[in-house]
Amino acid sequence: MSINHQAWMLRYSVLWFLTVSMPLITHAVQAKGPNLEFAEVAAGVYLHLGKHEEMSVDNLGDIANIGFIIGNDSVAVIDPGGSPQLGAAMRKSIRDVTELPISHLILTHIHPDHIFGGSAFADVENIVAHRNFTRALAQRGNYYREAYSDLFANPNIPTSLQPTLEVKDELRIDLGGRRLIVTAHRTAHTDNDLSIYDHATQTLWASDLIFAQRIPSLDGSLTGWLKVMDELAARPAALVIPGHGQPGDWSTVVQPQLRYLNLLLRETREAIARSIRLSDVVDQVADGESKSWLLFTSHHRGNVTRAYTELEWE
Ligand SMILES: [Zn+2]
């Protein structure tokens, strides 16, 4: 067995087990992927905007912002998208822009809409993720695959990959005349969030540490998330790319999320201080935000529940 083959087997062994143990898929989707459009939002930084929808067979999991950054020598992919078909379409789009090799696949966090296209990049040498990613994948991977099973045309295709480079604090990547800093954050949106900073254009790829237009979803720690937003603010960014929604400058992009998370924090703490039960406040905390966000009803109650559970132990 060659070294490369051994590495390939290692990457797949866990996911192979998980995927073949899935129930048979009855609703197969077309093998032909969509044409994905990428816009060059800063020099050499390409972004595809996801739709403001939930994951479905119709949208092939195309709901998150995904993209790539090109150096003089190689390319870094930032999130392969929400399904194998989407990942394959992304790879084709990259080839339309550059012939340079893809040296890094960065998985910003475990959520399926960001990483389930990973199989299209199985040959990439450096698969970068937070040091908590593998543990989170072991805990959630099977559940996600079952929940979204009809998104996968072939159940034997692994939906995401095992990291080969785990980021503990910070990882510096050189794409040839272009330096990226990948930062592993404390628990915030999830317990395995990465952000990417491109020196050349001062672009901060925040992924789901920042939501725009679509309501943020809390799957980590509310107080941690607000701290991480403070830390991100300290880095000069000419352009911030959120995990969902339009990119922009820091102050414009992050203000709605700051307002929402701070309101969630304050009103949940007040309810706990007054000994009001969660079931009695879940529809009241921060409900003034309902008109400010897309998909508010899909995620807000979950956010209040998560915040309450976290803050009642303070
Ligand atoms: Zn997410």
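Being a predicted model, the structure only gives us computed values, none of them experimental.

(A) Local environment of the overall build of the protein chain. Helices and strands together make up the secondary structure of the protein chain, namely eight helices and twelve strands. In the protein chain, buried positions account for 46% of the 314 residues. For the protein chain, contacts bridging at least 24 residues in sequence account for 71% of all contacts bridging at least 6.

(B) Representation of helix 2 (residues 84–97). For helix 2, with 14 residues, the first-to-last C-alpha span of 20 Å sits near the 20 Å given by 1.5 Å per residue. Summarising burial for helix 2: ten of the 14 residues are buried, a large majority. Among the residues making up helix 2, those that are buried are Pro84, Gln85, Leu86, Gly87, Ala88, Ala89, Met90, Arg91, Ser93 and Ile94. Contacts from the buried residues of helix 2 go to strand 3 (66–70), strand 4 (75–78) and strand 5 (102–106).

(C) Representation of the environment of arginine 259 within the structure. Among the secondary structure elements, arginine 259 is positioned in helix 6 (residues 250–273). Judged by the 13 C-beta atoms lying within 10 Å of it, arginine 259 falls in the partly exposed class. Residues arginine 259 and glutamate 289, 30 residues apart in the sequence, show an inter-C-alpha distance of 9.1 Å.

(D) Highlighting the environment of threonine 268. With respect to the element layout, threonine 268 can be found in helix 6. With ten residues separating them in the primary sequence, threonine 268 and leucine 278 have C-alpha atoms 8.9 Å apart. Excluding residues within four positions of it along the chain, threonine 268 makes contact with Val285, Val304, Ala307, Tyr308 and Leu311.

(E) Main features of the sheet that holds strand 9 (residues 179–184). Sheet architecture is open: five strands sit in the order 8-9-10-11-12, paired in mixed fashion. A single partner strand is all that each edge strand has here, and the edge strands are strand 8 (170–174) and strand 12 (239–244). Neighbouring strand axes in the sheet, compared pairwise and without regard to direction, differ in orientation by 25 degrees on average. Sheet analysis places strand 8 next to strand 9, joined by five bridges and oriented antiparallel. Paired with glutamate 170 across the two strands is threonine 183, which belongs to strand 9.

(F) Geometry of the environment of tyrosine 144. With respect to the helices and strands, the residue tyrosine 144 is situated in helix 4 (residues 133–147). For the pair tyrosine 144 and proline 112, spaced 32 residues apart in sequence, the C-alpha to C-alpha distance is 7.0 Å.

(G) Main features of the sheet that holds strand 7 (residues 165–167). Reading across from one edge, 1-2-3-4-5-6-7 is the order of the seven strands in this open sheet, with mixed pairing throughout. The strands lining the two open edges of the sheet, one partner per strand, are strand 1 (39–42) and strand 7. For this sheet the average axis-to-axis angle between neighbouring strands, irrespective of direction, equals 25 degrees. The pairing of strand 6 (residues 126–130) with strand 7 spans three bridges and is classified as parallel. By the bridge assignment, alanine 129 is partnered in strand 7 with glutamate 166.

(H) Fine view of the packing of helix 5 (residues 222–233) against helix 6. The interhelical angle for the contact between helix 5 and helix 6, taken along N-to-C directions, is 155 degrees, at an axis separation of 10 Å. Here helix 5 lies roughly antiparallel to helix 6, going by the angle between them. Here helix 5 and helix 6 pass one another in a crossing that is left-handed. On helix 6, the residues touching Leu222, Trp225, Leu226, Met229 and Ala233 of helix 5 are Trp250, Val254, Leu258, Leu261, Leu264 and Leu265.

(I) Representation of the packing of helix 6 against helix 8 (residues 296–311) within the structure. Between helix 6 and helix 8, whose axes approach to 10 Å, the crossing angle comes to 60 degrees. Put simply, helix 6 runs oblique to helix 8. The two elements helix 6 and helix 8 cross, and the hand of that crossing is right-handed. Facing helix 6, whose interface residues are Leu264, Leu265, Thr268, Arg269 and Ile272, helix 8 presents Asn303, Val304, Ala307, Tyr308 and Leu311. Tallied by class, residues from the contact of helix 6 with helix 8 come to seven nonpolar, two polar and one charged.

(J) Just the pairing of strand 10 (residues 194–198), in detail. Judged by how many residues are buried, strand 10 sits mostly within the fold: five of five residues are covered. Of the two faces of strand 10, the one lined by Leu194, Ile196 and Asp198 and the one lined by Ser195 and Tyr197 are each fully buried. With five bridges joining them, strand 9 and strand 10 adopt antiparallel strand pairing. Looking at strand 10, one finds that threonine 183 is bridged to serine 195. Where strand 10 and strand 11 (residues 203–211) come together, three bridges link them in antiparallel fashion. When the sheet's bridge partners are listed, isoleucine 196 is paired in strand 11 with tryptophan 205. From the end of strand 10 to the start of strand 11, which pair antiparallel, there are four residues, and glutamine 202 there has a positive phi angle of about 50 degrees.

The rules behind each value
Residues numbered from 1 in each chain as written. Predicted model: local features only at pLDDT ≥ 70, side-chain atom pairs only at ≥ 80, totals over all residues. Helix = DSSP H or I, 4+ residues; strand = E, 2+ residues; numbered from the N terminus. Buried ≥ 20, exposed ≤ 12 C-beta atoms within 10 Å, placed from the backbone. Contact = placed C-beta atoms within 7 Å. Expected span 1.5 Å × (residues − 1). Pairing = 2+ DSSP bridges. Axes fitted to C-alpha atoms, helices over the stretch in contact; angles between N-to-C directions. Parallel < 35°, antiparallel > 145°, perpendicular 65-115°, else oblique. Left-handed = near helix turned anticlockwise from the far one by under 90°. Nonpolar A, V, L, I, M, F, W, Y, C, P; charged D, E, K, R; others polar.

Read these as geometric descriptors, not functional statements.
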